[in-house]
Amino acid sequence: TKVGESAGKEYAIESALDKMQKEWEPAQFDIAPYRETGSYVLRGSDDIQQMLDDNIVMLQAMAFSPFNKPHKERLDNFASKLNLLSEIIEQWLNCQRNWMYLEPIFSSDDIMKQLPAEGQKFKACDRQWRKYLKVANDNPCCLDFADVPDILAIFAQSYNTLEQVQKGLSDYLETKRQSFA
């Protein structure tokens, strides 16, 4: 019967969603101490990224199903959360790349004196970085990290600021190079 078929397909969506959410419950970031900085970095996020990509595609397919009505809100909420997590990880890794490059440079008092504006910007980002990487280290659960208020905006802003710091540093080094022509 038509009703039985519809119920079966609705149940298949519900089961797939339950399975997906269960798989995410134990999912954790691999957070590791970074050198002698007293801070941390995200290591090997490929497995999580792969799981996100697979699940986001699956959720998109479910969203287009005519049988998703009973689960639409739950589907939309979970898809939003996974999309947010994916964006967070992307910004996090961008920020991390710049932070790892700039951290040893700006831990030098000499550079802080030569580039005070960039030094202050770096320090502000460094404080944010340490704060949120400690949060991730203390609770590495992926889904919980997506709930940290404004974390995407914080990583995005830090990344943009670190890009400015890196440009200031490059400009400074270029003027130094030219004086040794």
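A. Region of interest: the nonpolar core. If you look at the biggest cluster of nonpolar residues, it comprises 50 residues, and the most contacted ones within it are Trp24, Phe29, Leu85, Trp92, Phe145 and Phe155. Element by element, the count of residues in this core is highest for helix α3 (residues 72-106), at 12 residues. For Leu85, the residues in contact, after removing those within four places along its chain, are Trp24, Phe29, Leu52, Cys142, Leu143 and Ala146.

B. Local environment of the side chain of Asp126. Note that Asp126 resides in helix α5 (residues 116-138). In this view, Asp126 contacts Trp99 and Glu103; residues no more than four positions away in its chain are not counted.

C. Just the side chain of Asn98, in detail. The topology assignment puts Asn98 in helix α3. Residue class for Asn98 comes out buried when judged on its relative accessible area of 8%. Sequence-distant contacts of Asn98, defined by excluding residues within four places in its chain, comprise Tyr159, Leu162, Glu163 and Gln166.

D. Representation of helix α2 (residues 46-63) within the structure. If you check α2, its first and last C-alpha atoms are 25 Å apart, about what 18 residues at 1.5 Å a residue would give, namely 26 Å. Burial in α2 covers these residues: Ile48, Leu52, Asn55, Ile56, Leu59 and Met62. Buried residues in α2, looked at end-on, bunch into an arc of 120°, giving them a common side. Turned more than 90 degrees away from the buried face of α2 sit Asp46, Asp47 and Val57, all of them exposed. Elements that come into contact with the buried residues of α2 comprise α1 (2-24), α3 and α6 (142-146).

E. Representation of the packing of aromatic side chains. Taken as a whole, this structure holds 9 aromatic pairs when the rule is applied. Their ring planes at 70° and their centres at 4.9 Å tell us that Phe29 and Trp92 sit as a pair that is edge-to-face. With a gap of 63 residues between them, Phe29 in the loop between α1 and β1 (30-34) and Trp92 in helix α3 connect regions that are remote in the sequence. Among the aromatic side chains, those forming a connected cluster through ring pairs are Phe29, Tyr34, Trp92, Trp99, Trp129, Phe145 and Phe155.

F. Broad picture of the pattern of salt bridges. One pass over the full model with this rule turns up 10 salt bridges. One salt bridge connects Asp30 with Arg43, and the closest N-O pair in it is separated by 3.2 Å. Highlighted residues: Asp30 in strand β1 and Arg43 in strand β2 (residues 39-43), separated in sequence by 13 residues. On the basis of relative accessibility, which here comes to 45%, the residue Arg43 falls in the partly exposed class. Overlapping salt bridges bring together Glu103, Asp126 and Arg130 as one network.

Procedures and definitions
Residues numbered from 1 in each chain as written. Predicted model: local features only at pLDDT ≥ 70, side-chain atom pairs only at ≥ 80, totals over all residues. Heavy atoms only, no water. Core = buried A, V, L, I, M, F, W, Y, C linked by side-chain atoms within 4.5 Å. Buried < 20%, exposed > 50% of the residue type's maximum accessible area, 1.4 Å probe, protein only. Helix = DSSP H or I, 4+ residues; strand = E, 2+ residues; numbered from the N terminus. Contact = heavy atoms within 4.5 Å. Expected span 1.5 Å × (residues − 1). Arc of directions from axis to C-beta. Phe/Tyr/Trp six-rings, centres within 6.5 Å; stacked < 30°, edge-to-face > 60°. Salt bridge = Lys/Arg side-chain N within 4 Å of Asp/Glu carboxyl O.

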